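Coordinate inspection notes
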Amino acid sequence: MSTDKRIEPRTLKGFRDYPPATMLPRERLMETARRVYRSYGFSPIDTPALEYLEILTGKGSDETDRQLYRFQDHGERWVALRFDLTVPLARFAAQHIAELGTPFKRYHIAPVWRGENTQRGRYREFVQCDFDTIGTRAAAADIETALVIHDLFQALGFRDFAIRVNHRQVLNGLLERIGLGEQSTNVLRALDKLRKIGPEKVAEEMIATAGATRPQAEQVLKFAAVSGTNDEVLAQLGPLVAGSQRGEEGVARLAEIIAAVRGAGVAEERLAVDVSIARGLDYYTGVVFETFLGQLPGIGSVCSGGRYDNLAGLYTSQELPGIGASLGLDRLLAAMEELGLLEKVATPAPVFIPYFAADRLVDYLRLAAALRAAGMNVEVYPEARKLGQQLKYADKRGCRVALVQGEDELAAGQCQIKDLTSGQSQSVSLGDGFAEVVAAVQRLLTIGAQT
RNA sequence: GUGGUUGUAGCUCAGUUGGUUAGAGCACCAGAUUGUGGAUCUGGGGGUCGUGGGUUCAAGUCCCAUCAGCCACCCCA
């Protein structure tokens, strides 16, 4: 091919390649999420990336409709790429709930697409790790959702994080009481900016977009100013929603969740009632969650969710309440990268076998097989190059142990085990079936893993 | 989608009011060291100056457009 015809290799805006050094921690995160979800009995499902357009439109908000990747397929059907995993779940549940039965607990780890503007931690293609419980209104499901989020971040190695929890009905109950019930979406949207733009601007926006009066706006702000410990917040909320059945129910549900999560042994500061948490997709109707990293609040919520009591109502007459949350894998990775929490390793194999003596490949393959049988990841170098170059290769990739066998060692029935971290070597007899070598390597890796 | 900002080697960047063959550090490759990596020294490869147009005798440098990154709005994972 001539040079001038060559196509420039490039990726689309908001889409990225994942080289090994970023894919390894990515997979580790997905495995952790999978493990935690499964530990609560959530089962895996998958659904198509493409759905009929009508399935996806009008389910999130006007904004998500605008962000939808949509086009006609070869059969001239209007289709779209899913923008989250919850709407496909609703369709899936409406279609299959008869066979699945309720309550139905599933997790779903898969990419979603949104055609919005990019920013740090915001991409057009990103992976979400969702878990949801369908078919029950029980408070236990709300409580379990909070516990799963907590366990998840704990398992990922975070210590400084906070799950903020609120209840849509608490806010709506108040709005109902003061006559703003019809305008809840606009009011909540304005209220959500409280931390960023301050109470005065929020009041202005509520007056402008929701048609609120000045006294109404003041009341909403007074409500949002409630603060303190969880017990203090709940105590203040009670009188504010008194008289609104929905509001009272919401506060009671929040109190129940807080008490149960506390009772399950979760530290108080990990779960905080926060009435200013108003965001989330429009389909949430009950409790809502957002999770922030203490060291990096600016990147936004890394795990959000909530209760939706009528998600599948657009597809079926069967009532399917549900609750769940979504871990934003790529946003979380961007945060961890910034915090320096990602291990810089470019290989999944800690054990390296240089191809030393040109005519002894089979000996190296047999040793590698023995180590793999013992559960270790082992790489054998493919070319009989200079030993120094091979060790350099292993070092660069982050291998931890090299097993050096030249003519001398092979003749003596020995293997040199080189610790690439310390540089020290020891000689071990190959023996029958490499048992001694396997044990020695295993010991080295275990010690290394503890530091 | 709107506004702002940036774009020179794989990476981080320098490049003087426009002026000849565009530089450095790191990384990479080779050698010093025919069986031992991370250090040092020497040498080497690698650049359509994001892309396309325009102004000019002359553009990495000025203008316009476009693409991409970042930031804010919006929204959200």
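See the structure shown above.
Only a predicted model underlies this, so the values are computations on that prediction, with no experimental measurement involved. (Residues numbered from 1 in each chain as written. Chains lettered and ligands numbered in written order. Predicted model: local features only at pLDDT ≥ 70, side-chain atom pairs only at ≥ 80, totals over all residues. Heavy atoms only, no water.)

1. Notes on the side chain of T32
Examined against the element boundaries, T32 turns out to sit in helix α1 (residues 20-39). Leaving out residues up to four positions away in the same chain, T32 has contacts with L152, A155 and L156. (Helix = DSSP H or I, 4+ residues; strand = E, 2+ residues; numbered from the N terminus. Contact = heavy atoms within 4.5 Å.)

2. Description of helix α9 (residues 214-224)
Those residues of α9 not exposed but buried are Q216, A217, V220, L221, F223 and A224. In a view along the axis of α9, the buried residues occupy a sector of 155 degrees, so they form one face of it. Along α9, the residues that are exposed and aim more than 90 degrees away from the buried face are P215 and K222. Elements in contact with the buried residues of α9: α6 (168-177), α7 (184-191), α8 (194-209) and α10 (230-241). (Buried < 20%, exposed > 50% of the residue type's maximum accessible area, 1.4 Å probe, protein only. Arc of directions from axis to C-beta.)

3. Things to note about the pairing of strand β14 (residues 401-404)
Residues V401 and L403 of β14 are buried on one face, and the alternating residues A402 and V404, pointing to the opposite face, are buried as well. Sheet topology places strand β12 (residues 351-353) next to β14; 2 bridges connect them, and they run parallel. In the sheet register, V351 faces β14, and the bridge partner there is V401. Pairing of β14 with strand β15 (residues 414-419), which is carried by 4 bridges, proceeds in the antiparallel orientation. (Pairing = 2+ DSSP bridges.)

4. A word on the pattern of salt bridges
Taken as a whole and assessed by the stated rule, the structure comprises 20 salt bridges. Where R262 meets D231, a salt bridge forms, and the shortest distance between an N and an O atom there is 3.2 Å. Residue R262 is located in helix α11 (residues 245-263), and its partner D231 is located in helix α10; the two are separated by 31 residues in the primary sequence. Salt bridges sharing common partners tie together R137, D142, R253, R307, D309 and E319. (Salt bridge = Lys/Arg side-chain N within 4 Å of Asp/Glu carboxyl O.)

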